[in-house]
Amino acid sequence: MTQNIFKGLGIALVTPFKTDGSVDYEALERLVDYQLDNGADFLCILATTGETPCLSAEEKSCIKQQIVRQVNGRVPILMGCGGNNTAAVVHELQVGDFQGIDGILSVCPYYNKPSQEGLYRHFKAIAEATSLPVVLYNVPGRTGILMKAETTCRLAHDCPNIVAIKEASGSLELVDEIIKHKPADFDVISGDDALTYPMVASGAVGVISVIGNALPKEFSRMIRLEFNNEYAAARVIHHKFTDLYSLLFVDGNPAGVKALLHEMGFIENVLRLPLVPTRVTTLQKMSEILKGLKL
């Protein structure tokens, strides 16, 4: 079985935009440098937090190429490649440019609500279409379908290059079932910042994080403390961020973290429709918490 290299702190990277709505490649470069200098173990690009559905094919290609050049092999890069049309995803994997990419993050098919057998066949076809490691992404709050633990473990046993799952179901019970029945070489990665502390304590190998865009050093330290069995110290960091976790998502993702990054001076607070910036009241609360953290 292919080994999973996506462990520790992964950053679900935002796509910065200028005030005119175009991609801000200079801000993207600064943001990537910030992640690499402050504890990010891998980057997850062109996925949900990157507003990928609202990017053109040319923009996605330019973003991918710039990040690959800039990272230059220093950390692994996981790239989003998924959808609800299995044949289209398979075609993209067969003809697309994945040079410099170390793995694929593929979300459960959304909107058309396949059965568990449909999910199994979808991901099996994806795994067979690429030699790259595949990380599954279970996020029923966005897709409208929950992939059960037995389906995840079935895929993990049957497909050697399916190496992990980004679990964002919000169910610690489901996570525990996967960890209990999975193959030894298959990993669980948290897809929920607020649940990262308990998930790592239960056996997850890291997180693909939204809050890490803004606070990679602190979030990375929490995970490393847990890996070192220093749970009390890690819990202190987790509790510092409790209020911030909810505020980041109350107006949708990535509206919250983009507002936070704007407050920190990294990017413009611009999203592409149908997403809009977070409310002023939410931003004010986040700003107060940020000042209180004294980072």
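The preceding data block contains the structure.
Below is a short write-up of the structure. (Residues numbered from 1 in each chain as written. Predicted model: local features only at pLDDT ≥ 70, side-chain atom pairs only at ≥ 80, totals over all residues. Heavy atoms only, no water.)

## Regarding the side chain of Asp 193
Point 1. Among the secondary structure elements, Asp 193 is positioned in the loop between β7 (187-190) and α8 (196-202).
Point 2. In this structure, Asp 193 is buried with no salt-bridge partner, the nearest side chain bearing the opposite charge being Lys 166 at 8.5 Å.
Point 3. Only 2.8 Å separates the side chain of Asp 193 from the side chain of Ser 209, close enough to count as a polar contact.
Point 4. When neighbours within four sequence positions are excluded, Asp 193 is seen to be in contact with Val 207, Ser 209, Val 210, Ile 211, Phe 219, Tyr 245 and Phe 249. (Helix = DSSP H or I, 4+ residues; strand = E, 2+ residues; numbered from the N terminus. Buried < 20%, exposed > 50% of the residue type's maximum accessible area, 1.4 Å probe, protein only. Lys, Arg positive; Asp, Glu negative; His and termini not counted. Salt bridge = Lys/Arg side-chain N within 4 Å of Asp/Glu carboxyl O. Polar contact = N/O pair within 3.5 Å; in protein donor to acceptor, adjacent residues only side chain to side chain. Contact = heavy atoms within 4.5 Å.)

## Digging into the pairing of strand β4 (residues 103-107)
Point 1. Judged by how many residues are buried, β4 sits mostly within the fold: 5 of 5 residues are covered.
Point 2. In terms of handedness, the path from strand β3 (residues 77-80) via helix α3 (residues 86-95) over to β4 forms a crossover that is right-handed.
Point 3. Bridging between β4 and strand β5 (residues 134-138) involves 4 bridges; their strand directions are parallel. By the bridge assignment for β5, Leu 105 is matched with Val 135. (Right-handed = clockwise from strand over helix to strand, strands pointing away. Pairing = 2+ DSSP bridges.)

## As for helix α10 (residues 231-240)
Point 1. What α10 keeps buried is the set Ala 234, Ile 237 and His 238. The arc that holds the buried residues of α10, viewed along the axis, is 105 degrees, so those residues lie on one side. Turned more than 90 degrees from where α10 packs its buried face, Ala 232 and His 239 sit exposed.
Point 2. On the buried face of α10, the contacting elements are α8, α9 (216-227) and α11 (242-250). (Arc of directions from axis to C-beta.)

## Comments concerning the layout of surface pockets
Point 1. Here the largest pocket defines a volume of roughly 1,000 Å³.
Point 2. Lining the largest pocket are 37 residues, and of these Leu 46, Thr 52, Pro 53, Lys 60 and Gly 82 lie nearest its centre.
Point 3. For the lining of the largest pocket, the secondary-structure elements that each account for two or more residues are α2 (57-71), β3, α3, β4 and α5 (140-143).
Point 4. Examining the composition of the lining of the largest pocket, we find that 5 residues originate from one element, α2, more than from any other. (1 Å grid on protein atoms, 1.4 Å probe; cavity = no way out; pocket = protein on both sides within 12 Å on 5 of 7 lines; lining within 4 Å. Points joined across faces, edges and corners; volume = space filled by probe spheres on them.)

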